[in-house]
Amino acid sequence: PWRRRRPEGPGPRPVALVTGAASGLGRAVATALGRRGGRVLVTDLPGTAMEATCVAVRAAGGEAAFQPLDVTDPAEFEAAWLAAEEAFGPVDLVVNNAGIAVVGPMAQVSVQDWRAQMDVNLFGVVHGCRLAAQRMRGRGAILNVASGAGLLSPPKMAPYNVSKAAVVALTETLAAELGPGGTTCTVLAPLFFQTNLIETSRVTDERLKRKASQLMAEGKLSADQVAEAALKAVERGDLYALPMRDGRWYWRLKRLAPQGYVRVLDFVARRKLKG
């Protein structure tokens, strides 16, 4: 549907740049693009398993190359974009997936951790979106990976929530700014699913970290399922991709009855974090 509606966008073999693609959701998205015959530049920090993701993309039917990328550095991001163009041609899809989690009670999170959270989760997305706006010129698509936390604001996750809420706002802004010219923008906002985010997180409360790991392990969807849901939303031209049913219901409740939602949120958070 996306290709039929926007023939100037990604064709049968889209060229994609995916950040944070060495593992987890980033690898799942890259592999799903491989199943679509995509040509994918896999990016992540030096020393990560980017080559393994390339193998997965090729096994799925696509082409892949990799490039180390620290998304907090705009010069590195531009070099990666140029590497994708040199390897495969003009970029059709940028997937701003790289992220970290800083969680804990507000009083315990340091200013340094707040800045690290924003540098990766917000400015890492900003750099990718700026390049897309400058270089796509009315074609292609942007997929920004936020989180249900950016819509639902659970307690003891303030830095993470704020960074992801900013990604939602950025995507909404770009949809209005770039969409009429032909570049579609989609924001992905999943709830808990199994990934390695907690392993790289900065958590001030070890009990909170254990509970978060448990909730991820109990997630109803796999990273592959979340990736497929995200790409199908991009193909439809959807602004929001909310793959979890309970996430969609919580978001509806928040918009319909915001004060009541806060009470429900407190009850659910206490129950899930109990023990």
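Further up the page is the structure itself.
Procedures and definitions
Just so you know, the residues in each chain are numbered from 1, in the order the chain's sequence is written. Where totals are concerned, whole chains, interfaces and linings use all residues; where local detail is concerned, this predicted model gives features only for residues with pLDDT of at least 70, and gives and counts side-chain atom pairs only at 80 or more. Only hydrogens and water are set aside; all other atoms, that is, all heavy atoms of the structure, feed into the side-chain values. Two strands pair if DSSP finds at least two bridges between them. Strands here mean DSSP runs of E at least two residues long; helices mean DSSP runs of H or I at least four residues long; both are numbered from the N terminus. A clockwise course of the path from the first strand over the helix to the second, judged with the strands pointing away from the viewer, identifies a crossover as right-handed. One less than the number of residues in a helix, times 1.5 Å, gives the span that helix is expected to have. For the exposure calls, accessible area comes from a 1.4 Å probe over protein chains only, and a residue counts as buried if that area is under 20% of its type's maximum, exposed if over 50%, partly exposed in between. Two residues form a contact once any of their heavy atoms are found within 4.5 Å. Two rings from Phe, Tyr or Trp (for Trp, the six-membered ring) form a pair when their centres are within 6.5 Å of each other. A pair whose planes differ by under 30 degrees is stacked, one over 60 is edge-to-face, and the rest are tilted.

Draft legend 1. Spotlight on the pairing of strand β3 (residues 63–68). The pairing of strand β2 (residues 39–44) with β3 spans six bridges and is parallel. Across the sheet, residue V40 finds its bridge partner in β3, namely A64. What joins β2 to β3 is helix α3 (residues 50–60), and the crossover it makes is right-handed.

Draft legend 2. Layout of helix α6 (residues 123–135). The end-to-end C-alpha distance of α6 is 18 Å, a good match for the 18 Å that 13 residues give at a rise of 1.5 Å each. Those residues of α6 that sit buried are G124, V125, H127, G128, C129, L131 and A132. Buried positions along α6 lie against α4 (74–88), β4 (93–96), α5 (111–121), β6 (141–145) and α8 (158–178). Looking one or two residues beyond α6, the residue adopting positive phi is R137, at roughly 50°.

Draft legend 3. Inspection of the packing of aromatic side chains at higher detail. Evaluated as defined, the whole model comprises one aromatic pair. Residues Y240 and W251 carry aromatic rings whose centres are separated by 5.0 Å and whose planes lie at 65° to one another, so their mutual orientation is edge-to-face. With Y240 in strand β9 (residues 240–241) and W251 in helix α11 (residues 245–256), the pair connects residues that are 11 residues apart, well separated along the chain. We classify Y240 as partly exposed; its relative accessible area is 30%.

Draft legend 4. Structural detail: the side chain of S163. Structurally, the position occupied by S163 is in helix α8. Not counting residues up to four positions away in its chain, the partners in contact with S163 are Q117, M118 and N121.

Draft legend 5. Representation of the pairing of strand β1 (residues 15–18). Here β1 shows two buried faces, one formed by V15 and L17 and the other by A16 and V18. By the bridge criterion, four bridges tie β1 to β2 in an arrangement that is parallel. The residue bridging V15 from the neighbouring strand is R39, located in β2. The parallel pair β1 and β2 is bridged by helix α2 (residues 24–35), and the resulting crossover is right-handed. Looking at chain direction, β1 and β4 are connected through three bridges and run parallel. Bridge pairing links V18 to V95 in β4.

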